[in-house]
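# Structure at a glance
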There are 2 protein chains.
Amino acid sequence: MEKKLIGVDLGGTTAKIAILTTDGKIEEKWSVATDIEDEGSHIVRNIGDSINQKLTDLQLDNSGFYGIGMGTPGTIDYEKGTVKGAYNLNWAKTQNVAADLKAITGLDVYLDNDANIAAVGERWQGAGEGSANVFFVTLGTGVGGGIFAEGKILHGAKGAAGEIGHITVDTSEHAYDCTCGKKGCLETIASATGIVRVAKDLARTYEKGSKLKTTSEEITSKLIFELAAENDELATKVVDHICFYLGLACSHIGNMLNPEKIIIGGGVSAAGDALLKPIQAYFEGMVFPAVRESTSISIATLGNDAGVLGAAWLALPAE
Amino acid sequence: MEKKLIGVDLGGTTAKIAILTTDGKIEEKWSVATDIEDEGSHIVRNIGDSINQKLTDLQLDNSGFYGIGMGTPGTIDYEKGTVKGAYNLNWAKTQNVAADLKAITGLDVYLDNDANIAAVGERWQGAGEGSANVFFVTLGTGVGGGIFAEGKILHGAKGAAGEIGHITVDTSEHAYDCTCGKKGCLETIASATGIVRVAKDLARTYEKGSKLKTTSEEITSKLIFELAAENDELATKVVDHICFYLGLACSHIGNMLNPEKIIIGGGVSAAGDALLKPIQAYFEGMVFPAVRESTSISIATLGNDAGVLGAAWLALPAE
């Protein structure tokens, strides 16, 4: 019987775990709560025990698996298999994640960060299926990204490759301050909180009526897209404003890396075509012909499964 | 005896050819004129004959070589080893470059484009020596680039990866038109001709005296840097203006790819620190902390040898 893969997508509230075939079919999927007590020292133990228990329940043993791939927040040392600075896990200090999880399960463990495994998942089984080069952009509380190029995840000198959220898209004096310490980052405009900030700013100088100005609901990026869908002029202006900057950022990706696919995921991407179409229009105006013909943008298709899929891919043996 | 490598850097006027050791030492270096007559049909024959002649002269034969790496203008089909659209060689139609050169020399032939081999050359033996990730930016008649990431040259979907010259850096209404058909490309500002255009534009509204306005010499990028070195205020403004856009472009490279090194080469890079220092200053203001600490910018060190070195690297057997 062909060996299988285990994928773990570790987040601040739960770890999603799955058993997959080598062609990317999810056969089992479950989750364990992330217990961040005691400096997060129970997290790896809980995941390992849960995997062992599941294999026992399924009457399988670890000889039937190539290994475990795992996506994690924090800064990863790829050679040592360690993680540090994952503050939402209470992992301030260095954790021997790969070695500890291997000690519990007897399986080799491969780590990468959450944006990178989502990139790989979408590239393997989702919107980027079969593409040699994929740039994944995630629009959520923050803006992140991951790059898959010519068969590999790109990490860069300090693991910061793919950090599209911090490219400087606004060089004007009005640029917003970013949590990273500089100004004008894409994240200040196109994250879920950035979109709300843009809406409030544009509302201030908008003189006509708009539901966005009068609503008693909390202003969220979801509400802004809903109002834009109802042709609210101010909401439409907000969407256009953020899509200009996303189109500019995607044009930089296209002109510099020429991937087959730029894939947009994360919570904000639920807006679908209302987000995608204006980004595409701005993108096409700002890329040169060879890129216009060969790089396309689409919305992620795997939702929450991208993580476990991409994580499992890490454990695939080299062809 | 350890086998050697042959590197060919094919350009519109000459093909530079070299014999190298596998650790990048150039042992022989010569060139052949590029004969673009008869639709460039003599080019590959002349290079092949010249290599065969040199091996005979040196009492070597092809069994002492791993193969030939070659950098070429035009659009390359990497699987087929063909080149088309190299207009400065009169190669409008598809040329079977790899197969034809192998037929003449008996050696395997590996192709890549000129900016990519320069990137690889600088990464192997020059300013990026030993770095896992290098982005090479060439400032000449145009602005081009090449990316070496995690052991590979990145090509992208249609060979356009690295085309930093066409990222949109000016989104204002004053953006210059580019030969690529769009507006605001880095190349319109930071190529040798772009720099002169910026100088003429700024001179128009500059009300004080400046040698740049009164000189009888032809305005070139070289002259502009010379006058800036003499503290000519207008020339200094021009240099600052183009370095802002180069710093912005380099910040996009840093924030997106986090290479250990961004290397600036090409004719304009002869300006050295006068170009590098202001680019670095703008760059540091526009990258986030992890990139500021791990990505640095420097001037290329190999000059014309980057091409044959990088080309030869293509023929190195996989480790």
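Described in the following lines is the structure provided in the data block. Small disclaimer: the values here were computed from a predicted structure and weren't measured.

## Remarks on the environment of Glu284(A)
All names here are of chain A. Of note, Glu284 is situated in helix α10 (residues 273-286). For Glu284, a relative accessible area of 43% puts it in the partly exposed group. Considered as a pair, Glu284 and Ser251 are 33 residues apart in the sequence and their alpha carbons are 7.7 Å apart.

## Things to note about the relation of the copies chain A and chain B
Both copies of the chain are tied together by a single rotation about an axis and a shift running along it. The operation relating chain A to chain B is a screw motion whose rotation component is 180°, with 0.0 Å of axial translation and a residual RMSD of 0.0 Å. Expressed as a symmetry operation, the mapping of one chain copy onto the other fits a two-fold axis. No C-alpha of chain A approaches the rotation axis more nearly than that of His252(A), which lies at 3.8 Å. Both copies share a contact surface, since 100% of the interface residues of chain A are interface residues in chain B too.

## A word on the packing of helix α8 (residues 221-229) of chain B against helix α9 (residues 233-257) of chain B
Pairs of packed helices are described in terms of their axes, by the angle between the two and the distance that separates them. All names here are of chain B. Packing of α8 against α9 brings their axes to within 8 Å, and their N-to-C directions diverge by 115°. Crossing of α8 against α9: the hand is left-handed. Residues Ile224, Phe225, Leu227 and Ala228 of α8 pack against Ala235, Thr236, Val238, Val239 and Ile242 of α9. Residues of the contact of α8 with α9, tallied by class, amount to 8 nonpolar, 1 polar and no charged.

## Here we look at helix α2 (residues 43-57) of chain B
Residues and elements named next belong to chain B. Between its first and last C-alpha atoms α2 spans 21 Å; for 15 residues at 1.5 Å apiece the expected length is 21 Å, and the two agree. Taken residue by residue, α2 has Ile43, Val44, Ile47, Gly48, Ser50, Ile51, Lys54 and Leu55 as its buried positions. Looking straight down α2, one finds its buried side chains confined to an arc of 160°; they lie on one side. Relative to its buried face, α2 has exposed residues pointing more than 90 degrees away, namely Thr56 and Asp57. For α2, the secondary structure elements touched by its buried residues are β1 (4-10), β2 (14-20), β3 (26-33), α1 (37-40), β4 (65-72) and α3 (97-105). Backbone geometry just after α2 places Gln59 at a positive phi near 55°.

About the criteria used
Residues numbered from 1 in each chain as written. Chains lettered and ligands numbered in written order. Predicted model: local features only at pLDDT ≥ 70, side-chain atom pairs only at ≥ 80, totals over all residues. Heavy atoms only, no water. Helix = DSSP H or I, 4+ residues; strand = E, 2+ residues; numbered from the N terminus. Buried < 20%, exposed > 50% of the residue type's maximum accessible area, 1.4 Å probe, protein only. Least-squares fit on C-alpha atoms with pLDDT ≥ 70 in both. Contact = heavy atoms within 4.5 Å. Axes fitted to C-alpha atoms, helices over the stretch in contact; angles between N-to-C directions. Left-handed = near helix turned anticlockwise from the far one by under 90°. Nonpolar A, V, L, I, M, F, W, Y, C, P; charged D, E, K, R; others polar. Expected span 1.5 Å × (residues − 1). Arc of directions from axis to C-beta.

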